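# Understanding the architecture of this molecule
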Amino acid sequence: MKRAALAFAATTAALAAGLTLPVRAAPDGAAIYARCAACHTKTGAGVPGVFPPLGEDFRVMAASEAGRRYLALVVTRGVSGPIKVGGKPYAGVMPAQATLDDASVAAVLNHVGTEIARTGPAFKPFAEGELAAIRASGAALSAQDVGKLHAGAGGQ
Ligand code: HEC
């Protein structure tokens with residue numbers, strides 16, 4: 001009782017001080033992209049043969065269900081080739097971005113879709129719920145498993 005009363009008093013004091021209870025702010029896709037840019041570069045052009053570009057492949061994939069699943073799993077599970085992007089082979093490893101929650105993964109993919117890959121008006125934004133379903137369906141996949149999905153996901 002005493003503890004609850006203290007907690008109540010603290011909350012009341014915080015409210016009285018003009019503080020609002022925490023409200024989840026929408027994640028900022030552009031800010032999150034900074035971590036992707038460390039490898040894929042700021043413009044998404046990548047480094048040929050090392051870090052693939054986030055362009056043509058992304059645009060094609062974002063338009064199909066299998067492609068969207070692949071793109072989301074690349075971020076949540078990581079990816080390791082051999083894969084071909086823009087005609088060039090890649091056989092490196094992208095580490096899973098495990099600290100990003102569903103809303104953050106959706107936000108960064110939407111940033112790539114609209115600002116980096118410049119998919120145009122046809123781009124259908126990723127939703128948090130879509131991410132949750134894909135993450136659950138791919139929970140057992142390794143980065144290599146995700147690499148094997150590349151060709152079937154519309155990879156060039
Ligand atoms: C540590 C470097 C690194 C970081 C950080 C990184 N990636 Fe990657 N990414 C890679 C590499 C390497 C590959 C290709 C894997 C291979 O060589 O087999 C890749 C592949 C991809 C692909 C697949 C491209 C295709 O056409 O199949 C996508 C999409 C992608 N990354 C998006 C992202 C996004 C979005 C982020 C940030 C949330 C990110 N990456 C962060 C290194 C990175």
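Going by the structure above, here's the rest.
Nothing here was measured: the structure is a model prediction, and the numbers come from that model.

A few words now on the overall build of the protein. Of the regular secondary structure elements, the protein holds seven helices and four strands. When the helices and strands of the protein are listed from N to C terminus, the series reads α-α-α-α-β-β-β-β-α-α-α. Looking at the 156 residues of the protein, the share that counts as buried comes to 37%. Put simply, 67% of the contacts in the protein that link residues at least 6 apart link residues at least 24 apart. Summing over all exposed atoms, the protein offers an accessible surface of approximately 8900 Å²; the carbon and sulfur share of this is 65%.

Those protein atoms acting as donors to the iron atom of the ligand are His-40 (NE2) and Met-94 (SD), and they sit at 2.0 to 2.1 Å. Of note is the iron atom of the ligand, whose six donor atoms meet at the metal with angles of 89 to 180 degrees in an arrangement that counts as octahedral. Of this pair, His-40 sits in helix H2 (residues 29-40) while Met-94 sits in strand S4 (residues 93-94); the two residues are 54 residues apart in sequence, bridging distant segments of the chain. Of the two residues, His-40 and Met-94, neither departs from the other in class, the shared state being buried.

So, about the site of the ligand. Not every one of the 26 residues close to the ligand is listed here, only the nearest: Cys-36, Cys-39, His-40, Asp-57 and Met-94. With respect to the ligand, the side chain of Tyr-70 contributes an N or O atom lying 2.7 Å from an oxygen atom. Taken together, the elements giving at least two residues each to the shell around the ligand come down to H2, helix H4 (65-77), strand S1 (79-80), strand S2 (83-85) and S4.

A few words now on the packing of aromatic side chains. Counted according to the given criterion, the structure contains one aromatic pair. The interplanar angle of 50 degrees and the centroid separation of 6.2 Å between the aromatic rings of Phe-123 and Phe-126 together place this pair among those described as tilted. Of the residues examined, Phe-123 reaches a relative accessible area of 10% and is grouped as buried. Looking at Arg-68, its charged tip hangs above the ring of Phe-126, at a distance of 4.1 Å from the centre.

Relative to the elements of secondary structure, Leu-54 occurs in the loop between H2 and helix H3 (56-61). For the pair Leu-54 and Thr-43, spaced 11 residues apart in sequence, the C-alpha to C-alpha distance is 8.6 Å. Those residues in contact with Leu-54, other than ones at most four positions away along the chain, are Tyr-33, His-40, Gly-44, Val-112, Ile-116 and Ala-117.

The biggest cluster of nonpolar side chains holds 33 residues, and the ones touching the most others in it are Tyr-33, Phe-58, Tyr-70, Leu-71, Leu-109, Val-112 and Phe-126. When residues of this core are traced back to their parent elements, those giving at least two are H2, H3, H4, S2, helix H5 (102-116) and helix H6 (128-137). Sequence-distant contacts of Val-112, defined by excluding residues within four places in its chain, comprise Tyr-33, Leu-54, Phe-58, Ala-117 and Arg-118.

Criteria and thresholds
Residues numbered from 1 in each chain as written. Predicted model: local features only at pLDDT ≥ 70, side-chain atom pairs only at ≥ 80, totals over all residues. Heavy atoms only, no water. Helix = DSSP H or I, 4+ residues; strand = E, 2+ residues; numbered from the N terminus. Buried < 20%, exposed > 50% of the residue type's maximum accessible area, 1.4 Å probe, protein only. Contact = heavy atoms within 4.5 Å. Areas by Shrake-Rupley, 256 points an atom, 1.4 Å probe, with all protein chains shown as cover. Donors = N, O, S within 2.8 Å, 3.2 Å for Na, K, Ca; no water. Tetrahedral: all angles 85-135°; square planar, octahedral: opposite > 155°, others 65-115°. Near = heavy atom within 4 Å. Polar contact = N/O pair within 3.5 Å; in protein donor to acceptor, adjacent residues only side chain to side chain. Phe/Tyr/Trp six-rings, centres within 6.5 Å; stacked < 30°, edge-to-face > 60°. Lys NZ or Arg CZ within 6 Å of the ring centre and 35° of its normal. Core = buried A, V, L, I, M, F, W, Y, C linked by side-chain atoms within 4.5 Å.

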